[in-house]
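Structural overview
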Amino acid sequence: MINANFFWHGPSLSLYESACLKSFVRQGIEVRLHTFNEHLRAPEGVKIVDARLLADESEVLAYTQGGHAGSIAAFTDIFRYRVLQKQPGWWFDTDVVCLKDGAELEKLQAGVSGILVGEEAQGKLNGAVLYVGDTAAAAELERLANAKGFVFEWGDIGPQLITQYLADRPERVKVAPPLAFYPVHYLETAMLLRQEDADECQRRVQSSVCVHLWNEFLRRWEIPKNMLPPEGSFLHRLFTQLEMTVAADACLPPASFEALRHNGDIGRVGTKALRMIKRAKQIKETMVGR
């Protein structure tokens, strides 16, 4: 059976994390949730694993990443390498929804001599989904990450480290295209929660194994993650299929979502950046047409 590993630090899972974990269980995948919280409640079928088997809880807030002290994301990067040293398998962040069964994951991992990682965009890797077929590769990644110390720039022991590993050891890395794991770009995160973009999201994920929900955007926008996504949105469709429920089936109103998004720093910066990317593509297409 395919095994999928996750890490959670905190008192409880929100509706969103629960939906992500449940999506893997529904696909017949063995789900292992590593945590220091022995009382954590998780969806049925999720196996709770004591994170103390591989780390001391004091390590969780030991790293400063991109100027942010106590970076749980940095610890998670280190922790995933430790987990995957013990047994070949998959790692997923808790903001990834599984869309296909284990047979599709088996197809992707076939022939992987070291690690499998996906592009979030052409030429840009992301570590939210990672498969390790040779535990020695995970040991190499942890060794390289430990060499960075405890203070480093954002992504230095995650995507940037894996990118460098690919450059140094190309024979050890298989790269999956963006549609495999990241059919919706992080600058397009809002599409996941807008009714008018639901059909486009559905079209994009047809051949995808999973979809990343880009939790950093949801966090910055302060999206209430114990409410259902806006009714009619792609995420609402997914949550409905997963039979996720809350009191009175309360959904985040579309207008409230837009207000939260536009008030968030990423909302303003991300929208501007996306417009610039689209404009650049239009100019390139015009030049090629000539």
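Position numbers for residues start from 1 in each chain and track the written sequence from start to end. Totals for whole chains, interfaces and linings use all residues, but because this is a predicted model, local features are given only for residues with pLDDT of at least 70 and pairs of side-chain atoms are given and counted only at 80 or more. Just so you know, side-chain values use all the structure's heavy atoms and leave hydrogens and water out.

1. Observations regarding the nonpolar core
This is how it is decided: Joining through side-chain atoms within 4.5 Å is the link that ties buried Ala, Val, Leu, Ile, Met, Phe, Trp, Tyr and Cys residues into a set, and such a set is a nonpolar core. Only protein chains enter the accessibility calculation, which uses a 1.4 Å probe; a residue is then buried when its area is under 20% of its type maximum, exposed when over 50%, and partly exposed in between. Starting at the N terminus, helices and strands are each numbered in turn, a helix being any DSSP run of H or I of at least four residues and a strand any DSSP run of E of at least two. Contacts: residue pairs with any heavy atoms within 4.5 Å of one another.
Counting 60 residues, the largest nonpolar core has Phe24, Trp90, Phe92, Phe181, Leu192 and Phe239 as the members making the most contacts within it. Among the elements that line this core, the one with the most residues is helix 1 (residues 15–26), at six residues. With near-sequence residues (within four places) excluded, phenylalanine 181 lies in contact with Trp90, Leu108, Leu116, Val117, Gly118, Val129, Ala176, Val209, Cys210, Val211 and His212. Counting residues in each nonpolar core, the second largest holds 29 residues, with Ala74, Ile78, Val117 and Leu125 among its members.

2. Overview of the environment of glycine 89
By the secondary structure assignment, glycine 89 is in strand 6 (residues 89–92). Along the sequence, glycine 89 and tyrosine 131 sit 42 residues apart, while their C-alpha atoms lie 5.7 Å from each other. Every residue in contact with glycine 89, bar those within four places of it in the chain, is listed here: Asn3, Leu84, Leu130, Tyr131 and Val132.

3. Focus: the packing of aromatic side chains
As a reminder of what qualifies: Ring geometry is summarised as follows: Phe, Tyr and Trp rings, the Trp one being its six-membered ring, pair when their centres sit within 6.5 Å, and such pairs are stacked at plane angles under 30 degrees, edge-to-face over 60 and tilted between the two.
Counted by the stated rule, this structure contains 21 aromatic pairs. Ring centres 5.1 Å apart and planes at 75 degrees place the aromatic pair phenylalanine 6 and phenylalanine 24 in the edge-to-face group. Residue phenylalanine 6 is located in strand 1 (residues 3–8), and its partner phenylalanine 24 is located in helix 1; the two are separated by 18 residues in the primary sequence. Their ring planes at 25 degrees and their centres at 5.1 Å tell us that tyrosine 63 and phenylalanine 150 sit as a pair that is stacked. Highlighted residues: tyrosine 63 in the loop between strand 3 (46–50) and strand 4 (64–65) and phenylalanine 150 in the loop between helix 4 (135–146) and strand 10 (151–152), separated in sequence by 87 residues. Among the aromatic residues, those joined into a cluster by ring pairs are Phe6, Phe24, Trp90, Phe92, Tyr131, Phe181, Tyr182, Tyr186, Trp214, Phe217, Trp221 and Phe257.

4. Quick word on the pattern of salt bridges
Selection rule: For salt bridges, the criterion is a side-chain nitrogen of Lys or Arg within 4 Å of an Asp or Glu carboxyl oxygen.
Counted by the stated rule, this structure contains 24 salt bridges. Across the pair glutamate 216 and arginine 220 runs a salt bridge, and its minimum N-O distance is 3.0 Å. With a gap of four residues between them, glutamate 216 and arginine 220 both fall in helix 8 (residues 215–220), about one helical turn apart. Given the relative accessible area of 32%, glutamate 216 is considered partly exposed. For arginine 261, the salt bridge goes to glutamate 258, with nearest N and O atoms at 2.9 Å. Of this pair, arginine 261 and glutamate 258 both sit in helix 10 (residues 254–263), three residues apart, which is roughly one turn of the helix. Classification of arginine 261 as buried rests on a relative accessible area of 8%. Assessed through its relative accessible area of 23%, glutamate 258 is described here as partly exposed. A network of salt bridges, in which partner residues are shared, links Asp134, Glu140, Arg169, Glu171 and Arg172.

5. A word on the packing of helix 2 (residues 72–86) against helix 4
Test applied: An axis is simply a line fitted to the C-alpha atoms; with a helix, the fit covers only the stretch in contact. Between two such axes, the angle follows the N-to-C directions and lies from 0 to 180 degrees. For this classification, under 35 degrees means roughly parallel, over 145 means roughly antiparallel, 65 to 115 means roughly perpendicular, and everything else is oblique. Handedness of a crossing is defined here by the sense of rotation of the near helix relative to the far one, left-handed for an anticlockwise turn of less than a right angle and right-handed for a clockwise turn.
With their axes 7 Å apart at the nearest point, helix 2 and helix 4 run at an angle of 155 degrees to one another. In this view, helix 2 runs roughly antiparallel relative to helix 4, as classed from their interaxial angle. Taken as a pair, helix 2 and helix 4 cross one another with a handedness that is left-handed. Of the residues in helix 4, those in contact with Ile78, Tyr81, Arg82, Leu84, Gln85 and Lys86 of helix 2 are Thr135, Ala138, Ala139, Leu141, Glu142, Ala145 and Asn146.

6. So, the pairing of strand 2 (residues 30–35)
Rules: In this analysis, strands are considered paired if DSSP registers two or more bridges between them. For crossovers, right-handed means that the path from the first strand over the helix to the second runs clockwise, given strands pointing away from the viewer.
In terms of burial, strand 2 is a largely internal element, five of the six residues being buried. Sheet topology note: the strand 1/strand 2 ladder contains six bridges and is parallel. What sits directly across from asparagine 3, in strand 2, is glutamate 30. Of the crossover connections in this fold, the one passing from strand 1 over helix 1 to the parallel strand 2 is right-handed. Two elements, strand 2 and strand 3, share five bridges in a ladder whose sense is parallel. Paired with leucine 33 across the two strands is isoleucine 48, which belongs to strand 3.

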